[in-house]
Amino acid sequence: MVTLLNTIEDPKARNICRDHGDRPDELLEILHKVQEAKGFLSDGALRTIADALNISRAEIHGVVSFYHDYKRKKGAKQTIKICRAEACQAVGANALISNAEEVFRTKLDEDSITVALESTYCLGNCALGPAVMVDNELYGRVDIERLKAISNAHKEKS
Ligand code: FES
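Described in the following lines is the structure provided in the data block. In this numbering scheme, every chain counts its residues from 1 along its sequence in written order. Side-chain atom pairs in this predicted model are given and counted only at pLDDT of 80 or more, local residue features only at pLDDT of at least 70, and totals for whole chains, interfaces and linings cover all residues. With hydrogens and water stripped out, all remaining heavy atoms of the structure feed into the side-chain values.

Once their charged atoms are close, side chains differing in charge can pair, the charge on each being opposite to the other. Every case where a carboxyl oxygen of Asp or Glu lies within 4 Å of a side-chain nitrogen of Lys or Arg is listed as a salt bridge. One pass over the full model with this rule turns up 10 salt bridges. With its nearest N and O atoms 2.6 Å apart, the salt bridge here joins Asp-51 to Arg-14. With Asp-51 in helix H3 (residues 43–53) and Arg-14 in helix H1 (residues 11–19), this residue pair connects regions lying 37 residues apart in the sequence. When the shortest N-O distance is used, the salt bridge between Asp-69 and Lys-81 registers 3.2 Å. With a gap of 12 residues between them, Asp-69 in the loop between helix H4 (57–66) and strand E1 (78–83) and Lys-81 in strand E1 connect regions that are remote in the sequence. Burial classification: accessible surface area is computed with a 1.4 Å probe over protein chains only, and a residue below 20% of its type maximum counts as buried, one above 50% as exposed, and the rest as partly exposed. Residue class for Asp-69 comes out partly exposed when judged on its relative accessible area of 40%. Overall, Lys-81 belongs to the buried group, its relative accessible area being 16%. Each of the salt bridges in this network shares a partner with another, and the network as a whole consists of Glu-9, Arg-14 and Asp-51. Helix and strand labels come from DSSP, where a helix needs a run of H or I of at least four residues and a strand needs a run of E of at least two; each type is numbered from the N terminus.

Listed below in structure tokens is the structure:
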């Protein structure tokens, strides 16, 4: 029996679509749940979602590429988002970024399989800058020593 690669289903994505009634107006929520479950949005998952919701693959790719939070590749083990908006810049965000690039041996907004450093613009924590988010937990008044400690604590938890 011959199986065409572009017909392979993603059962997890299929179940999540079913849980949402295969409704196209729930596409964003479905994409979030599939990414949460699998860590990223694979080609197979996007094909399955397009099929289940009866929308084109081009439409899904347009949505996924528009929103920065959707990942098309397996992500890093840890994600550190550093706020680059004005209030955080005024209290040292740029220095924190430079130090973090050195400590974590990566560049801001580049792919990494260990620690990914990502830009973000205002985490709603402006009075306590520089603000960072490590694996979706918010921290304020962060310098490089504190960021290393936070990163290590998160690594121990996972
Ligand atoms: S400016 Fe950084 S949290 Fe608002």
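The rest of the description comes next.
This next bit is on a nonpolar patch on the surface. Together, Leu-28, Phe-66 and Tyr-67 line one region of the surface with nonpolar side chains, adding up to about 330 Å² of accessible area. Turning to its location among the elements, Phe-66 is positioned in helix H4. The exposure class of Phe-66 is exposed, given its relative accessible area of 66%. Each patch is built from residues lacking any salt bridge and having more than 30% relative accessible area; the joining distance is 9 Å for like charges and 5 Å for nonpolar side chains (Val, Leu, Ile, Met, Phe, Trp, Tyr). Note on areas: Shrake-Rupley, 1.4 Å probe, and residue coverage restricted to the protein chains presented here.

Below, the discussion takes up the packing of aromatic side chains. Geometry of aromatic contacts follows a simple scheme: Phe, Tyr and Trp rings, the Trp one being its six-membered ring, pair when their centres are within 6.5 Å, and the pair is stacked under 30 degrees between planes, edge-to-face over 60, tilted otherwise. A complete count under the given rule lists two aromatic pairs for this structure. Look at Tyr-67 and Tyr-70: their rings are 6.0 Å apart centre to centre, the planes differ by 85°, and that puts the pair in the edge-to-face class. With relative accessibility at 7%, the residue Tyr-70 sits in the buried group. Here a set of aromatic residues connected by ring pairs shows up, and it is made of Phe-66, Tyr-67 and Tyr-70.

Its volume calculated, the largest pocket comes out at about 970 Å³. Residue classes follow a fixed rule: Ala, Val, Leu, Ile, Met, Phe, Trp, Tyr, Cys and Pro count as nonpolar, while Asp, Glu, Lys and Arg count as charged, and any other residue, Gly among them, counts as polar. Split by residue class, the lining of the largest pocket holds seven nonpolar, 10 polar and 13 charged. Both domains that furnish three or more residues to the lining of the largest pocket are identified here as domain 1 (7–66) and domain 2 (78–157). Every definition here rests on a 1 Å grid over the protein atoms only: cavities are sets of points where a 1.4 Å probe fits but cannot get out, pockets are open sets enclosed by protein on both sides within 12 Å along at least five of seven lines, and lining residues have some atom within 4 Å of a point. Grid points are joined across faces, edges and corners, and a volume is the space filled by probe spheres set on the points. Just so you know, the domain bounds were taken from an automatic or database domain assignment.

Let us look at the pairing of strand E2 (residues 115–120). Along E2, six of the six residues are buried, which leaves the element largely enclosed by surrounding structure. Of the two faces of E2, the one holding Val-115, Leu-117 and Ser-119 and the one holding Ala-116, Glu-118 and Thr-120 are both buried throughout. Judged from the six bridges that link them, E1 and E2 form a sheet pairing that is parallel. By the bridge assignment for E2, Ile-80 is matched with Leu-117. Whether two strands pair depends on DSSP finding at least two bridges between them.

Just distances and angles here, no functional claims.
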